[in-house]
Amino acid sequence: MNLIRNLLISLSILWLAALTHAQNNLETIRLALDWLPNTNHTGIYVAEAQGWYEEAGINLEILPYSGVAPEIVVTSGRADLAVSSTENVLAAAAAGEPVVSVATLMTTNTAAFAVLADSDIMRPADFAGKTYAAFGAAYETPILETLIAADGGEGTVNSALLSVSGFEALLSGAADIVWIFEGVQGVQAELEDIELRLFNFTDYGLPDYYTPVLASSPELIEASPEPLRAFLAATAKGYMFAVDNPSEAAQLLIEGTPPGTFPNLELVEASQRFATDYYVTVGQAWGYQNPALWEGYPQLLLEAGVFTDTDGQVVSDLDVSALFTNALLEVGGTP
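Just so we're clear, the structure is a prediction, and the values are computed from it rather than from any experiment. (Residues numbered from 1 in each chain as written. Predicted model: local features only at pLDDT ≥ 70, side-chain atom pairs only at ≥ 80, totals over all residues. Heavy atoms only, no water.)

S.K.: Would you take a moment to explain empty space enclosed by the protein for this structure?
M.R.: If you roll a probe as big as a water molecule over the atoms, it shows you where there is empty space left. This structure, assessed with the given rule, holds one cavity of 30 Å³ or more. Counted as a void, the largest cavity has a volume near 40 Å³. Together, T104, T107, Y279, V280, T281, Q284, A285, W286, G287 and Y288 line the largest cavity. (1 Å grid on protein atoms, 1.4 Å probe; cavity = no way out; pocket = protein on both sides within 12 Å on 5 of 7 lines; lining within 4 Å. Points joined across faces, edges and corners; volume = space filled by probe spheres on them.)

S.K.: Just to check I follow, could you spell out the pairing of strand β10 (residues 213-216) for this structure?
M.R.: Along any regular strand the residues' side chains alternate between the sheet's two faces. Of the two faces of β10, the one holding V213 and A215 and the one holding L214 and S216 are both buried throughout. Alignment of strand β4 (residues 100-104) against β10, held across four bridges, turns out to be antiparallel. Within β10, the position partnered with T104 by the bridge is V213. (Buried < 20%, exposed > 50% of the residue type's maximum accessible area, 1.4 Å probe, protein only. Helix = DSSP H or I, 4+ residues; strand = E, 2+ residues; numbered from the N terminus. Pairing = 2+ DSSP bridges.)

S.K.: What am I meant to see in the sheet that holds strand β8 (residues 177-181) here?
M.R.: Taking strand neighbours across the sheet as the criterion, the five strands line up as β7-β6-β8-β5-β9 in an open arrangement whose pairing is mixed. Edge positions in the sheet fall to β7 (158-161) and β9 (196-200), since each has one partner strand and no second. Across the sheet, the mean angle separating the axes of adjacent strands is 40° when strand polarity is ignored. Each of β5 (111-116), β6 (131-134), β7 and β8 touches helix α6 (residues 140-150); the most contacted strand, β6, lies at about 145° to it. The sheet strands contacting helix α8 (residues 182-191) are β5, β8 and β9, and the helix crosses β8 at an angle near 110°. (Axes fitted to C-alpha atoms, helices over the stretch in contact; angles between N-to-C directions. Contact = heavy atoms within 4.5 Å.)

S.K.: Explanation requested: the environment of N245 in the structure shown.
M.R.: Its location among the elements puts N245 in the loop between α10 (225-244) and α11 (246-255). Since its relative accessible area comes to 28%, N245 is described here as partly exposed. Sequence spacing of N245 and V102 is 143 residues, and the spatial spacing of their C-alpha atoms is 25 Å.

S.K.: Would you take a moment to explain the pattern of salt bridges for this structure?
M.R.: The tally for this structure, following the rule as stated, stands at four salt bridges. Its salt-bridge partner being D80, residue R30 comes within 3.2 Å of it at the nearest N-O pair. One end of the pair, R30, is in strand β1 (residues 27-32); the other, D80, is in the loop between α4 (70-75) and β3 (81-84), with 50 residues separating them in the sequence. Overall, R30 belongs to the partly exposed group, its relative accessible area being 24%. Judged by relative accessible area, D80 falls into the buried class, the value being 11%. Here D151 and R123 are joined by a salt bridge, their closest N and O atoms 2.8 Å apart. Residue D151 is located in the loop between α6 and β7, and its partner R123 is located in the loop between β5 and β6; the two are separated by 28 residues in the primary sequence. A relative accessible area of 16% places D151 in the buried class. R123 sits in the partly exposed class, given a relative accessible area of 40%. (Salt bridge = Lys/Arg side-chain N within 4 Å of Asp/Glu carboxyl O.)

S.K.: Explain α6 here, please?
M.R.: Think of an α-helix as turning once every 3.6 residues; residues three or four places apart then point the same way. Every buried residue of α6 is listed here: E140, P142, I143, L144, L147 and I148. Residues of α6 that are buried in the fold lie against β5, β6, β8 and α13 (296-304). Where α6 terminates, the next one or two residues include G152, which has phi positive at roughly 85°.

S.K.: Sorry if this is basic, but what is going on with the confidence of the model for the chain here?
M.R.: Detail in the predicted coordinates should be disregarded across regions flagged by low pLDDT. Taken over all residues, the pLDDT of the chain has a mean of 91, while the share at 70 or more is 91%. Considering only residues more than four positions removed or in separate chains, one finds that residues 7-22, a stretch of pLDDT under 50, has zero contacts. (pLDDT = per-residue confidence, 0-100.)

S.K.: I'm lost on the packing of helix α5 (residues 86-94) against α13 in this one. Help?
M.R.: When two helices pack together, their arrangement is given by the angle between their axes and by how far apart the axes lie. With their axes 11 Å apart at the nearest point, α5 and α13 run at an angle of 50° to one another. With respect to α13, the axis of α5 lies oblique. You can see that α5 and α13 cross each other, and the crossing is right-handed. Where α5 approaches α13, its residues T86, E87 and L90 are matched on the opposing element by Y297, P298 and L301. A class-by-class count of the residues in the contact of α5 with α13 yields four nonpolar, one polar and one charged. (Parallel < 35°, antiparallel > 145°, perpendicular 65-115°, else oblique. Left-handed = near helix turned anticlockwise from the far one by under 90°. Nonpolar A, V, L, I, M, F, W, Y, C, P; charged D, E, K, R; others polar.)

Laid out in structure tokens, this is it:
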């Protein structure tokens, strides 16, 4: 009996040693979020919950949003990856601190301009002279003016930075127009029986683009691509799981975040049902970025002069092709 007991103890010690060795040999990837956890991020939390990062040799550290632009967290070396956007990737490059988009989390832009259904605003041409609840980005006004002009209108909006969220401003009457994401505020409005009239960007002449995206530094991509490749492969599994199992994925997202992150669990479920339709395009690998979507929209913003360098000088020309890549995905080549 003592022999068997000693053998079991020895095996346990060996198993613990092997486990510790494996854990110590995981490659740490630090990911900076762009906001509070939400259904844009579901696949990441699913992959973590299912152990797929560990299987891929990755120890994932999710850095909570701190108010600092996640791209800066990457370029300063405090994170390896950031949840970013086309606009922020362009802005970082203009400022001389480029990051590179290595995958898209959504296959299309799900933003829209919203007005209340009982508003007299029936089309983008009617935006002129109305109050828009701005969030302070330089590209908001050019985009609104492009929509107004494309619809045959003239003029611009009255942009107001308010002390409440844009959606709250719309509901209170402090603003006439707000930029929303259909998978969040759009879903919230449906659950609360708030009737909106939506104006999708691409319906009125604006080029489609990717947001959010995962971005890393060009230096890390060149020096250490394999951990990033392993991270993206595991992340792809997480998003594909969410496509097939939206309810279970939503639950894993909720369970993987600190208590109280989601005060409205029904909203998470409904948002997840919306989001899963936009994670993957049939016939393409998860995360794949169509080069065409890195042409029209970036060019529109560059021509509008919304990006500046560190001296405040307008940057109107960037090598956009260097700001995204599909090379780290399981399927897909370089742009």
